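# Structural description and commentary
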Amino acid sequence: QSASDSSNTSKTMSDVKWEFPRENLILEETLGEGEFGRVMKAQAWNITRQQEYVTVAVKMLKGNGTHAEEMDLFSEFNMLKEVCHPNVIRLLGACTQKGGPLYIIVEYADLGSLRCFLRKTRRLEVSYTCQVGNPTYFVDGGDISRQQFRSIPWAELLSFAWQIANGMSYLSNMKLIHRDLATRNVLLASGKVVKISDFGLSRDVYEGETYLKRSKGRVPVKWMAIESLEDNLYTFKSDVWSFGVVLWEIATLGATPYPGVTPERLFQLLKAGYRMEKPNACSDELYSVMLMCWRENPHDRPSFKVLVTKLDQMLLQTM
Ligand code: ADE
């Protein structure tokens, strides 16, 4: 019995507890789109049993989705049923009945993806002022007052990192491996609360701590751990590697990792010991955490629990 078989669809095709009537859903605009999937904003009537419309996000397949993609969406549904944490996107319901496409309904995160949010805070060039222990990001776009207006405090960036580590720590306690942790898959809800999302690739592990992916699917190479690239090996510690890349994305306000490096060359570079440099305006301390996450031997990388503690300490220093 393999890990992925445990999230088989048969037992869950008609999950009464989560079933939501299609006719109570008014689909609005598209929020995001991948090759096979689409997320739409929608209004859901009475989903809270309070006789009101609530804004939600609905995940569905596009027309060209194959059976395998449908299985992935079902597997995401099954994962979401098991989880409940403030930093993980919350399942609200699903439309699974025949006579229409599969819809997964999750809470709406009104500030969008963390990647877009970070990129919106920059204009032209990123600079920083370095107060002791508390560098402040600001965008160098001209006069001082405008720079101040557009600043994003270092503590806020650390808070994003802390919240992601906190959500990931919960997921690893739940024996869930995400496998696609990246700022594009992290959402921000009001109050800048981080919501880890996009469980399409995630797998639960019942045997040991390792999930071995059998066939080569589409893979987010620049976020992948060295052992995932080499042997298709996914563990909690490969999620930790991806978290290191997420820290780098946060510190660069949403840059794309390994600029100029082709996916084909990346593995050789990593194998030769190359790692990304410290971003401008990143503290030495945060960069040292990135390097820990990118240690070649997975056992040498910190756990998410340890990462939460380290980020806690860094946050305390900003107060
Ligand atoms: N884009 C993808 N999923 C989303 C969600 N749940 N809320 C807002 N935007 C999204």
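Reading the values: the criteria
- Residue positions within a chain follow its written sequence, with the count starting from 1.
- Confidence filtering applies because this is a predicted model: local features only for residues at pLDDT of at least 70, side-chain atom pairs given and counted only at 80 or more, and all residues used for totals across whole chains, interfaces and linings.
- For side-chain calculations, the full set of non-hydrogen atoms in the structure is used, while hydrogens and water are omitted.
- Helix numbering and strand numbering both begin at the N terminus, where a helix is a DSSP run of H or I of at least 4 residues and a strand a DSSP run of E of at least 2.
- Classification of residues uses two cut-offs on accessible area relative to the type maximum, computed with a 1.4 Å probe and protein chains only: under 20% is buried, over 50% is exposed, and between them is partly exposed.
- Residue contacts are defined here by distance: any two heavy atoms, one from each residue, within 4.5 Å place the two residues in contact.
- Under the convention used here, a 1.4 Å probe and the Shrake-Rupley method define accessible areas, while residue burial counts only the protein chains that appear.
- Definition of nearness: a residue and a molecule or strand are near each other if at least one heavy atom of the residue lies within 4 Å of the molecule or strand.
- Polar contacts, as counted here, are pairs of nitrogen or oxygen atoms within 3.5 Å of one another; within protein the pair requires one atom able to donate a hydrogen and one able to accept it, and residues that are adjacent in sequence qualify only if both atoms are side-chain atoms.
- Charged residues are taken to be Asp, Glu, Lys and Arg, nonpolar residues to be Ala, Val, Leu, Ile, Met, Phe, Trp, Tyr, Cys and Pro, and polar residues to be all remaining types, Gly included.
- UniProt positions are given in the numbering used here, feature names are shortened, and annotations may be inferred rather than shown by experiment.
- Between the rings of Phe, Tyr and Trp (Trp by its six-membered ring), a pair exists once the centres lie within 6.5 Å; its type follows the angle of the planes, with under 30 degrees stacked, over 60 edge-to-face, and the other angles tilted.
- Consider the ring centre and the ring normal. A charge sits over the ring if Lys NZ or Arg CZ is within 6 Å of that centre and within 35 degrees of that normal.
- To get an axis, a line is fitted to the C-alpha atoms, and for a helix only the part in contact is used. The angle between two axes follows their N-to-C directions and goes from 0 to 180 degrees.
- Every angle not falling under 35 degrees, over 145, or within 65 to 115 is termed oblique; those three ranges are roughly parallel, roughly antiparallel and roughly perpendicular.
- Crossings are assigned a handedness: left-handed for a near helix turned anticlockwise from the far helix by less than a right angle, right-handed for a clockwise turn.
- Strand pairing is defined by DSSP finding a minimum of two bridges between the two strands.
- In what follows, salt bridge is the name for a side-chain nitrogen of Lys or Arg lying within 4 Å of a carboxyl oxygen of Asp or Glu.
- The span you would expect from a helix comes to 1.5 Å times its residue count less one.

With that settled, the discussion passes to the overall build of the chain. When its secondary structure is counted, the chain shows nine helices and 14 strands. Taken across its 319 residues, the chain has 51% of its residues classed as buried. A separation of at least 24 residues holds for 63% of the contacts in the chain among residues at least 6 apart in sequence. Per element, the accessible surface of the chain, about 15500 Å² overall, is 52% carbon and sulfur.

This part takes up unusual backbone geometry. If you check the backbone angles, Arg179 has positive phi at about 75 degrees while not being a glycine. For Arg179, the position within the fold is in the loop between β9 (176-177) and β10 (186-189). The phi torsion at Lys192 lies on the positive side, around 55 degrees, for a residue other than glycine. One can find Lys192 in the loop between β10 and β11 (193-196).

Neighbouring residues of the ligand: Leu31, Val39, Ala57, Ile89, Val106, Glu107, Tyr108, Ala109 and Leu187. Take Glu107: an N or O atom from its main chain is 3.0 Å from a nitrogen atom of the ligand. For the ligand, a nitrogen atom lies 2.8 Å from a polar atom in the backbone of Ala109. Its free accessible area being 260 Å², the ligand has 88% of it covered by the protein chains. Here the shell around the ligand is built from residues that sort into eight nonpolar, no polar and one charged.

This paragraph deals with the UniProt feature "binding site: ATP" (unreviewed entry) in the chain. The UniProt entry lists Lys59 under the feature "binding site: ATP" (unreviewed entry), expressed in the numbering used here. By the secondary structure assignment, Lys59 is in strand β3 (residues 53-61). Look at Lys59 and you get buried, because its relative accessible area is 17%. Contact partners of Lys59, with chain neighbours within four places excluded, come to Arg38, Val39, Leu73, Glu76, Leu102, Tyr103, Ile104 and Asp198. A polar contact is formed between the side chain of Lys59 and the side chain of Glu76, at a distance of 2.9 Å.

The next thing to look at is the packing of aromatic side chains. Scanning the entire structure with this criterion turns up four aromatic pairs. On the numbers, 6.4 Å between centres and 55 degrees between planes, the contact of Phe74 with Phe77 is tilted. Note that Phe74 and Phe77 are positioned in helix α1 (residues 67-82) at a spacing of three residues, about one turn of the helix. The positively charged end of Arg179 is found above the aromatic ring belonging to Tyr234, 4.7 Å away from the centroid.

Here we come to the packing of helix α6 (residues 236-251) against helix α8 (residues 284-293). Contact pair α6 / α8: the axes reach a minimum separation of 8 Å and the direction vectors enclose 150 degrees. When the axis of α6 is compared with that of α8, the two are roughly antiparallel. Judged by the sense of rotation from one axis to the other, the crossing of α6 with α8 is left-handed. Only Leu286, Val289, Met290 and Cys293 of α8 make contact with α6, whose side of the interface consists of Val240, Trp241, Phe243, Gly244, Leu247, Trp248 and Ala251.

Among the structural elements, Tyr287 can be located in helix α8. Between the C-alpha atoms of Tyr287 and Met276, which are eleven residues apart in sequence, the distance is 9.7 Å.

Relative to β3, strand β2 (residues 37-45) is paired through nine bridges, and the arrangement is antiparallel. Looking across to β3, one finds that Val39 is bridged to Lys59. Of the strand pairs in this sheet, β3 and strand β5 (residues 103-107) are connected by four bridges, and their pairing is antiparallel. The residue of β5 that forms the bridge with Lys59 is Ile104.

This part is about the pattern of salt bridges. For the structure on display, the rule yields eleven salt bridges. In this structure, the salt-bridge partner of Arg38 is Glu33, at a minimum N-O distance of 2.7 Å. Judged by relative accessible area, which is 26%, Arg38 ranks as partly exposed. Several salt bridges converge on common partners, so that one network encompasses Glu33, Arg38 and Lys62.

With 16 residues, α1 extends 23 Å between its outermost C-alpha atoms, agreeing within 8% with the 22 Å of an ideal straight helix rising 1.5 Å per residue. Every buried residue belonging to α1 is among Glu69, Leu73, Phe74, Ser75, Glu76, Phe77, Asn78, Met79, Leu80 and Lys81, and all of these are buried.

Turning our attention to the packing of α8 against helix α9 (residues 304-317). At their nearest, the axes of α8 and α9 sit 11 Å apart, and the two run at 170 degrees to each other. It follows that α8 is roughly antiparallel to α9 by the angle criterion. Contacts between α8 and α9 involve Glu285, Leu286, Val289, Met292 and Cys293 from the first element and Leu307, Lys310, Leu311, Met314 and Gln317 from the second. Partitioning the contact of α8 with α9 into residue classes produces seven nonpolar, one polar and two charged.

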